[in-house]
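# Survey of secondary and tertiary structure
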Amino acid sequence: MQRRTLTRARDLASFRDALVHRALAGGPLAARRRALIVPTRASGELLRQTIEAAALDAAEPSAFFVPELLTRDAWMTGLHAALPDAPPMLTPIERHVLFGRAARLAARRPSLGGAPFTIRPGLIAAMLAFYDELRRRQRTVRRFAGSLFDQLRVERGTDRGSEGLIHQTAYLGFAFLAYERLRGASGAMDEHMLRDVLLAEQPRLPYDEVVVAVADHPSDPRGLWPADFDLLGRLQGLAGLDIVMTDETHDAGLRERLEGEIPGITEVRHDRPAPPPMLVRPAADETPIAFVSRDREDELREVARHILAAAERTGGDLCDPVAIVFARPLPYLYLAQQVLGEARIPFQTFDALPLAAEPYAALLDLVLAVARSGGDRDATLAVLRSALVRFDEDGEPVALEDAAALAGVLSERRAVGTAESWPREVDAFFGDREMRRGLDRGRARRAAAAGAAVKQALDPFVTAGRSSDRLGCIGAFLRAHERLPEAGDAWRDRHARARAAVLGVLDGLARAFARHDDGPEEPRTPEAFTAQIRHAIEARTFTPAHGTSGVRLVDAVAARFGSFADVHLVGLVETDWPERPRRSIFYAGGLLTALAWPAETDQRRSELAAFRDLLGLASRTMALHAFELEGDAIVAPSPMLELARGLSSTTLEETSRRVFADEVLTTSGPVSGLEPAVAEWLALRRARPAIDTPAYSGFVAAQPPQPYRVSRVDRYVACPFKYFAESVLALPEERDEVSGLSPLERGTLLHELFERFYREWERQGRGEITPATLPDAMREFAAITRTLLVSLPEPDRALEETRLLGSIVARGVAERVFELEADAGSRIARRLLEFELVGAFPFPQVGGFKQKSIEIRGKADRIDVLENGSLRVVDYKLGRMPDIDESVQIAVYAHCAQQWLEREDRRPHPIESAMYLAFGDDRKLEGRLGSSTAPAPMAVLALAQKFADTTDAIERGEFPPRPRRPADCQWCTFAGVCRKEYPAENDGPADAV
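The structure reproduced in this document is the subject of the present report. Here the structure is a predicted model, which means the values were calculated and not measured. (Residues numbered from 1 in each chain as written. Predicted model: local features only at pLDDT ≥ 70, side-chain atom pairs only at ≥ 80, totals over all residues. Heavy atoms only, no water.)

### With respect to the overall build of the chain
If you tally the helices and strands in the chain, you get 34 helices and 28 strands. At 39 Å, the chain has a C-alpha radius of gyration far larger than the 30 Å of a compact globule built from 993 residues. Dimensions of the chain along its principal axes, counting C-alpha atoms only, are 125 × 75 × 65 Å. Across the 993 residues of the chain, 48% fall into the buried class. Of the roughly 47500 Å² that the chain leaves accessible, carbon and sulfur atoms contribute 52%. With 128 positive and 146 negative side-chain charges, the chain shows a spacing of 3 Å between the two charge centroids. (Helix = DSSP H or I, 4+ residues; strand = E, 2+ residues; numbered from the N terminus. Rg over C-alpha atoms; globule rule 2.2 N^0.38 Å. Buried < 20%, exposed > 50% of the residue type's maximum accessible area, 1.4 Å probe, protein only. Areas by Shrake-Rupley, 256 points an atom, 1.4 Å probe, with all protein chains shown as cover. Lys, Arg positive; Asp, Glu negative; His and termini not counted. Charge placed at Lys NZ, Arg CZ, Asp CG, Glu CD.)

### Observations concerning the sheet that holds strand 3 (residues 68–70)
With parallel pairing, six strands are arranged side by side in an open sheet as 3-2-4-5-1-6. Taken across any chain shown, the strands that pair with only one partner, and hence form the sheet edges, are strand 3 and strand 6 (266–269). Across the sheet, the axes of successive neighbouring strands diverge by a mean angle of 20°, strand direction being ignored. Relative to strand 4 (residues 209–212), strand 2 (residues 34–37) runs parallel, the two being bridged by four bridges. Residue pairing in the sheet places R34 in a bridge with E209 of strand 4. Helix-sheet contacts for helix 11 (residues 247–261) involve strand 1 (3–9), strand 5 (240–246) and strand 6, and the interaxial angle to strand 5 is about 140°. (Pairing = 2+ DSSP bridges. Axes fitted to C-alpha atoms, helices over the stretch in contact; angles between N-to-C directions. Contact = heavy atoms within 4.5 Å.)

### Remarks on helix 12 (residues 296–312)
Its 17 residues place the ends of helix 12 24 Å apart at the C-alpha level, agreeing with the 24 Å of an ideal helix rising 1.5 Å per residue. Most of helix 12 sits out of view: 12 of its 17 residues are buried. Residues of helix 12 that are buried include every one of R296, E299, L300, R301, E302, V303, A304, R305, H306, I307, L308 and A311, and no others. By the N-cap criterion, in which a side-chain oxygen at the helix start approaches the backbone nitrogen of a residue two or three places on, helix 12 is capped by D295, the distance to E297 being 3.3 Å. (Expected span 1.5 Å × (residues − 1). Polar contact = N/O pair within 3.5 Å; in protein donor to acceptor, adjacent residues only side chain to side chain.)

### Concerning unusual backbone geometry
A negative phi holds for most residues other than glycine; trans holds for most peptide bonds. The linkage connecting W577 with the following residue, P578, adopts the cis geometry, with an omega of 0°. Within the secondary structure, P578 is located in the loop between strand 18 (564–569) and helix 23 (589–592). Positive phi is not limited to glycine here, since D85 has a value of about 55°. Classification of D85 as exposed rests on a relative accessible area of 81%. Of note in this structure, Q202 is not a glycine but carries a positive phi near 45°. Take Q202: it is sitting in the loop between helix 9 (191–201) and strand 4.

### Quick word on the nonpolar core
Counting 131 residues, the largest nonpolar core has I324, I474, L569 and L624 as its most contacted members. Examining the composition of this core, we find that 10 residues originate from one element, helix 21 (residues 492–516), more than from any other. The residues contacting I474, other than those within four sequence positions of it, are L364, V367, L368, A371, L458, F461 and L506. Counting residues in hydrophobic clusters, the runner-up holds 49 residues, among them C719, F835, I854 and A894. (Core = buried A, V, L, I, M, F, W, Y, C linked by side-chain atoms within 4.5 Å.)

Dropping the structure here:
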């Protein structure tokens, strides 16, 4: 006859004491045949520590044995081991693969007309979880279908929603039955089959007694199910069954549910008198319940300050156990490494971390991107750059510099092919040269060969006929090229754990497909395999070792099993406490009530009961913490905070002690205890000049006179610091790669086209373009354009041809330029194309009373010498029209061209016009210098003087970050090195859209 006992404890201290009493009862021999079922592995570890501490603190310590502390899954595994000659258990991955096959088989049934939704890995997991819950609630597939059909029965054609749910129910029912058939044919079993076999065979169990220290669903998502309690009550080899719970859990409805699942249970009490903890609250707050911080990081910083202040009161040591308790582990487990580590507070963690967030899983994601795309450029280059893999070519490892050289070549070539074409692209780019545009042929060739080898190794992921072979090539690639951390590396152990978990998932998937779903009846796409792998990785966690002493970071479920003097409950906001209801994605809660699904009110009652228990977790003090911002969203405090208002409390004065680096290193006083590297940095920082030193604002030492490139001086006019970064510091411009021709390539193409056209037009003796000769000019330009564009890829060729020659909806660049010349009506005696202006030229200063000789380097795009000797100077701009009143480039070209020609032929050459042609400005193609009050010659002289004054400023070393239009800063390619210190009033009106 099985002994069944329900032990009620007043609070968590009594709950833990009852578990310790049951764990050690009967001595070591009895404990060896006893199992305690706990919610999580973290709960088991904390309970182990509690049992050991209690045994060692006993009045008469003696030898003891800690019984097995098992999660539900581990308990089921132990029961399976008790079956002689039992079939193997299906792994979670095998069940997912098997259910995926069942789902596809059900979708192909002629009577169904296909699945009601697209079958994806995430939905397969949800369907399997629904099936598991159905069976764990002791409902069969037939009863599931019958219950829902009865509730959804409608006259056909009258309710589309109900008909859709009927279709879904039929599909799910057939999928469940298909899974059960495939499971039976596989020669393995799952937990549902295991329960049936255990009850039928009643084997000798590894345990004589089981103590249940976990609630049921819905009280705890990690708890036991009705089928589990039923199994515990019907196992004949189990002599004793003890269920331990607090009064709060009992009153939240657990006792009523157990009456139906385990009849004949005897209730006993186990109380250990303990005073409630003192609630620590802020001193000056209108609602003195919780310490409210800005965000989670500031919240954890506040906790660290409290812990350090408490340690100072006891001589600087944490004498008593302290816990930080949270509902959502992930934000705090990651933040603790930064915040507590910086505060030098030792800590230990128990919760598992998501495998998908580890660097090795990110490497797998890169490899999958290469395999799925067949050697995509960006993905393959990312793999070559990864520090976690190694590739050897010609006896040398492929380095980051090699990958950078290859990336430069592919960018210059605008290569769109996959990795096997890269060696040809490299050879085509370099020709017979070893260096070109700063790129090294050997480096690029080595990386290109490695990229081609990567693609070849991963090709089976797309081409292999068997699913297991597709998955196997990924694991083989990682093992062949992985780069393990060096011995002594602090991350070596964590990397090894993550690596083992990732490769275990890949190997498990390959084995699962080989055993259960390797047939060719329905070939799957690479995207489907990628989704399968990612889903399997996202479903896995791993537990890195972190700390063996110090502050405990525990989740709210595991915290119940630990003994702590001081507790900090963190994350008390409405998004974390209470937990969001867990709803089915397939059916509304009302439809599932008939299948024993619990109501949301039951879950809420259980959560409130668990929180009341947590408020009494500490033996000394309890502090509550909340925050206001989650990312950019404002969050409200948890409504559960109201449950703490009745607790006895004391206030805590806020401490102004500097703890963290950003606080310590910004103080002006002496700082001690810093690491040598940090102390050296702080000394260097404090030794720097004052922030108002002119050098910090762009005023540097005088610069020697030099040959000036006119276009670069024009950049000084736009922003002195931009000139400084490009021409003095020689910083490279950060340019985004664009599809088609780059701006530089397009500008070069335009200049070459117009130069060729005008030379050919002059060679034919055609002179100026007139309205009569405009069609001839367009035909000639079109012929030259098509000849020059023939070497471009087809997409680029079509795009550039449309821009240059126009289409039925818009005029092209050439037509707009030729129309301007035809409308001008001037007779042209001579054209100077791509005319170089190199040498020293005099420039006026001080209103023309002073001359400055400046050596320049420039190239005027076009100078038309008219029949009367006057000059028309034209400069092409690929983008928008520059500021005519500020830009000096065209004025300098006109000023110097006039002097050069007058020296050449000893004739006067007045400036008739100086203009920009802005091909990228749809609003205005032509921009002429001068106005009715200040004709072109006067405007040229004024801007020539401005050019001379600008060179004086350059030579004085004045390069302040003062853009002419501050709005341009958002597009500046040197924004990363600019201090942007300029008055806000300099900002002009916004540009028109």
